[in-house]
Amino acid sequence: MTTCILIPCYNHAGPLSAVLDRLAEYELPCLLIDDGSEPVAAAALDALAARHPWVTLLRHSHNQGKGGAVMTGLRHAYGLGFSHALQVDADGQHDLADIPALLAEAGKCPEALISGRPVYDDSVPKGRLYGRYITHVWVWIETLSFAIKDSMCGFRVYPLAASCALLERVALGRRMDFDTEVMVRLHWAGVAVRFVPTRVIYPADGSSHFQLWRDNRDISWMHTRLVCRLLWDLLLRLASGPCRLWSWATRLWRERRTHWSRTPERGSLLGMQIMLASYRLLGRRGFSLLLYPVIGYFWLTGRTQRQASQAYLARLESFARAQGVALPAEPRSSFRHFLRFGEAALDKLAGWRGDIAEDQVELVGKDHYEAAINSGKGLLLLGSHLGDLELCRALGSRKGEVRINALVFTRHAARFNALLKQINPDSWLNLIQVQEMGADTAILLKEKLDQGEWVVIVGDRTSVTREKRVVWADFLGAPAPFPLGPFALASVLGCPVYLMFGLKEQGRFRVHFEPFADSLSLPRHGRQQILASRVQAYADRLQHHCLRAPLDWFNFFDFWQLTDEQE
């Protein structure tokens, strides 16, 4: 572990002299960031840097705020090859005798963010002390845990790799909002946060750069962003599938799991139960009201997703005009597209709980469905990210006519099955977690099919499963990559294959159940051509339903372009 000291400074040359004298005994390189200090103070900083050869002075031409100074220091330290940076404030509030304790904790947990947990004496202003608890409460809400004991202490050790990776991904607040936001977002990214008690004093002659109105405004906006991000992530994982939601909740609550060592699964279960309790308390109408500010925020700030939505809608309308297809008479915009995504997440939750009555759902292809049920044979259902496949699973298995097994590529499937039974004891939905499409998977699914059960897998999961092998097919007028895995699996299983789409058309749920093939055998001769034709047939049906329910397409990325991860 290679560590440097990082000190953001703005017009604090006076107390900084004593801080540097105290830090000299630790024999660590120091980056001093002058955040646009006034000329007299800047000259004093030059003198201090010249007096201490282990200090490197970096300078902003104008004041950017404490967060801006810290970010400059973190990036510079990482560029110099340091693994960790110890942040110390320049005003002398921190007890520097606690530095060995912070560094020792960082040595034990080098991947973690190590922070001081303030222990105040009588010098602390009561307004500042009580005001911190408002932020504490918001942070507990934003992380769904009590893992972060204090997010405002600037005495901390940053793991530079994870911290700089976060700075590249997210535009963080640059002033007094930085300390809290960077800690919450590192926590979200899976970085552990550990605390060391430290004494904090407020010198009688000390000065503060806290601007009452500006900094409170920035902090309030920061908490608004974080809460909206939390709600959006909840909706995203809810709409993307139960195991992604479960995995996310597990990570957020893992600190609580260690507290309940005798019941290790309870933390994750509690996270899910809070979400469900909120739905029960607010009802669909109340819960849906939360969509507008959350969706509005992410529509405004999610430039990449917004552009992908706009490009998709433009492509679809251009294709429809060229083909002479009349699209549904409804307003279409990227905001409406985002909003429909959030509504689908609520539909999914309602479907899990059994809150959608059978008379609210029209089964299109009822004859095919009943014939499949009456045959008593197992079959493979190919779905997609068009519409609400989770709703299809929940509704399709509610009567107990057939057990439906959903193939998923994330962990915690068994525990989510247990939770689903608590939500809806009559559900016959079963999740099967797999790591890859191997022989073991095929054998397990073959056993399910032989028992007359159904297996569901999506046929457009390229962006999620990161499969290296794809098959290109025409989709909405341009070639698009589709995964090989689901179609190869169908060939190995040798069972009847159906398509299923759960759409919301004209405000009504419609589950489309369509025969696709008696089996998808792939003979040696002409295998690639046969496979390509079957993938194209799947893409054609996907395209057909896209034109019927344009806003139900929930891939907010360039579906027609492989990413580096997929190549």
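Everything below is about the structure printed above this text.
A quick note: this is a predicted structure, and the numbers were derived from the prediction, not measured.

Colleague: Would you mind going over the overall build of the protein with me for this structure?
Modeller: Looking only at helices and strands, one finds 21 helices and 16 strands in the protein. A burial count over the protein gives 53% of its 567 residues as buried. Taking contacts inside the protein between residues at least 6 apart in sequence as the whole, the part at least 24 apart equals 78%. Accessible area for the protein stands at about 25300 Å²; split by element, carbon and sulfur atoms hold 53% of it.

Colleague: How should helix H3 (residues 66-79) be read in this particular structure?
Modeller: Because each turn of an α-helix spans 3.6 residues, side chains separated by three or four positions end up pointing in the same direction. If you check H3, its first and last C-alpha atoms are 20 Å apart, about what 14 residues at 1.5 Å a residue would give, namely 20 Å. Within the span of H3, buried status applies to Lys66, Gly67, Gly68, Ala69, Val70, Met71, Gly73, Leu74 and Ala77. One or two steps after H3, the chain reaches glycine 81, where phi turns positive at roughly 100°.

Colleague: I keep staring at the pairing of strand E6 (residues 156-159) and nothing clicks. Help me out?
Modeller: Walk down a regular strand and you will see the side chains alternate between the two sheet faces. Going residue by residue along E6, you find Arg156 and Tyr158 tucked away on one face and Val157 and Pro159 tucked away on the opposite face as well. Across 4 bridges, the pairing between strand E4 (residues 84-87) and E6 is antiparallel. Paired with histidine 84 across the bridge in E6 is proline 159.

Colleague: Would you explain the side chain of aspartate 98 in this entry?
Modeller: You can see aspartate 98 is positioned in the loop between E4 and helix H4 (99-108). Of the side chains with opposite charge, arginine 199 comes closest to the buried, unpaired aspartate 98, at an N-O distance of 6.8 Å. In this structure the side chain of aspartate 98 is engaged in a polar contact, spanning 2.7 Å, whose partner is the side chain of threonine 198. Once residues lying within four places of it in the same chain are set aside, the contact partners of aspartate 98 are Phe155, Pro197, Thr198 and Arg199.

Colleague: Got a minute to help me understand the side chain of asparagine 555 in this structure?
Modeller: Position of asparagine 555 among the secondary structure elements: in the segment after helix H21 (527-548). Not counting chain neighbours up to four residues away, the residues in contact with asparagine 555 comprise His385 and Asp460.

Colleague: Teacher, can you tell me more about the packing of H3 against helix H6 (residues 160-169) here?
Modeller: A packed helix pair is summarised by two numbers, namely the angle formed by the two axes and the spacing between the axes. Following both chains from N to C, one finds H3 and H6 inclined at 125°, their axes separated by 10 Å at the closest point. In terms of axis orientation, H3 runs oblique to H6. Both H3 and H6 take part in a crossing whose hand is left-handed. Between H3 and H6, the residues in contact are Met71, Leu74, Arg75, Ala77 and Tyr78 and Leu160, Ala161, Cys164, Leu167 and Glu168, respectively. The class makeup of the residues in the contact of H3 with H6 is 8 nonpolar, no polar and 2 charged.

Colleague: Could you clarify how one ought to interpret the packing of helix H1 (residues 13-23) against helix H2 (residues 39-51) in this entry?
Modeller: Packing of H1 against H2 leaves a shortest axis separation of 10 Å and a crossing angle of 15°. One way to sum up the angle between H1 and H2 is to call them roughly parallel. In terms of crossing hand, the pair formed by H1 and H2 is right-handed. Contacts from Ala13, Leu16, Ser17, Leu20 and Asp21 in H1 reach Ala41, Ala44, Leu45, Leu48 and Arg51 in H2.

Colleague: Any chance you could explain the nonpolar core here in plain terms?
Modeller: Nonpolar side chains tend toward joint burial in soluble globular proteins. Formed by 46 residues in total, the largest nonpolar core has its most connected members in Phe475 and Phe482. The biggest single contributor to this core is H21, with 7 residues. By size, the runner-up hydrophobic cluster in this structure holds 32 residues, among which are Leu6, Leu113, Leu172 and Phe195.

Colleague: What's the story with the environment of glycine 116 in this structure? I'm lost.
Modeller: On the secondary structure map, glycine 116 appears in strand E5 (residues 113-120). Among residues more than four places away in sequence, those in contact with glycine 116 are Leu102, Cys153, Phe155, Phe195, Val196 and Thr198.

Colleague: I'm lost on a nonpolar patch on the surface in this one. Help?
Modeller: Residues Val137, Trp138 and Ile141 make up a contiguous nonpolar surface patch of about 250 Å² in total accessible area. Mapped onto the elements of the fold, isoleucine 141 is located in helix H5 (residues 126-143). The exposure class assigned to isoleucine 141 is partly exposed, which follows from its relative accessible area of 38%.

Colleague: Got a minute to help me understand the pairing of strand E9 (residues 379-383) in this structure?
Modeller: Most of E9 is tucked away, with 5 of its 5 residues classed as buried. The two faces of E9 match: Leu379, Leu381 and Gly383 on one face and Leu380 and Leu382 on the other face are all buried. Relative to strand E12 (residues 454-458), E9 runs parallel, the two sharing 5 bridges. Counted as the bridge partner of leucine 380 is valine 455 from E12. Relative to strand E15 (residues 497-505), E9 is paired through 3 bridges, and the arrangement is parallel. Looking at E15, one finds that leucine 381 is bridged to tyrosine 498.

Colleague: What am I meant to see in the environment of arginine 22 here?
Modeller: Assignment of secondary structure puts arginine 22 in helix H1. Expressed as a C-alpha distance, the spacing of arginine 22 and leucine 96, which sit 74 residues apart in the sequence, is 7.4 Å.

Colleague: What is the right way to look at the pattern of salt bridges in this model?
Modeller: Scanning all chains against the criterion turns up 15 salt bridges. The partner of glutamate 514 in a salt bridge is arginine 541, with the nearest N and O atoms 3.0 Å apart. Taken as a pair, glutamate 514 in strand E16 (residues 508-517) and arginine 541 in helix H21 lie far apart in primary sequence, 27 residues in all. For arginine 541, a relative accessible area of 29% puts it in the partly exposed group. When salt bridges with common partners are traced through the structure, they connect Asp34, Asp46 and Arg59 into a single cluster.

Colleague: I tried to follow the packing of aromatic side chains on my own but got confused; where do I start?
Modeller: Tallied over the full model, the rule gives 19 aromatic pairs. Pairing phenylalanine 338 with phenylalanine 556 gives two aromatic rings, centres 5.0 Å apart and planes at 65°, and the pair type is edge-to-face. You can see phenylalanine 338 sitting in helix H14 (residues 334-353) and its partner phenylalanine 556 sitting in the segment after H21, a full 218 residues away along the chain. With respect to burial, phenylalanine 338 and phenylalanine 556 carry one shared label: buried. Relative to tryptophan 553, the ring of phenylalanine 475 lies with its centre 5.5 Å away and its plane at 45°, an arrangement referred to as tilted.

What counts and what doesn't
- Residues numbered from 1 in each chain as written.
- Predicted model: local features only at pLDDT ≥ 70, side-chain atom pairs only at ≥ 80, totals over all residues.
- Heavy atoms only, no water.
- Helix = DSSP H or I, 4+ residues; strand = E, 2+ residues; numbered from the N terminus.
- Buried < 20%, exposed > 50% of the residue type's maximum accessible area, 1.4 Å probe, protein only.
- Contact = heavy atoms within 4.5 Å.
- Areas by Shrake-Rupley, 256 points an atom, 1.4 Å probe, with all protein chains shown as cover.
- Expected span 1.5 Å × (residues − 1).
- Pairing = 2+ DSSP bridges.
- Lys, Arg positive; Asp, Glu negative; His and termini not counted.
- Salt bridge = Lys/Arg side-chain N within 4 Å of Asp/Glu carboxyl O.
- Polar contact = N/O pair within 3.5 Å; in protein donor to acceptor, adjacent residues only side chain to side chain.
- Axes fitted to C-alpha atoms, helices over the stretch in contact; angles between N-to-C directions.
- Parallel < 35°, antiparallel > 145°, perpendicular 65-115°, else oblique.
- Left-handed = near helix turned anticlockwise from the far one by under 90°.
- Nonpolar A, V, L, I, M, F, W, Y, C, P; charged D, E, K, R; others polar.
- Core = buried A, V, L, I, M, F, W, Y, C linked by side-chain atoms within 4.5 Å.
- Patch = residues over 30% accessible without salt bridge, like charges linked within 9 Å, V, L, I, M, F, W, Y side chains within 5 Å.
- Phe/Tyr/Trp six-rings, centres within 6.5 Å; stacked < 30°, edge-to-face > 60°.

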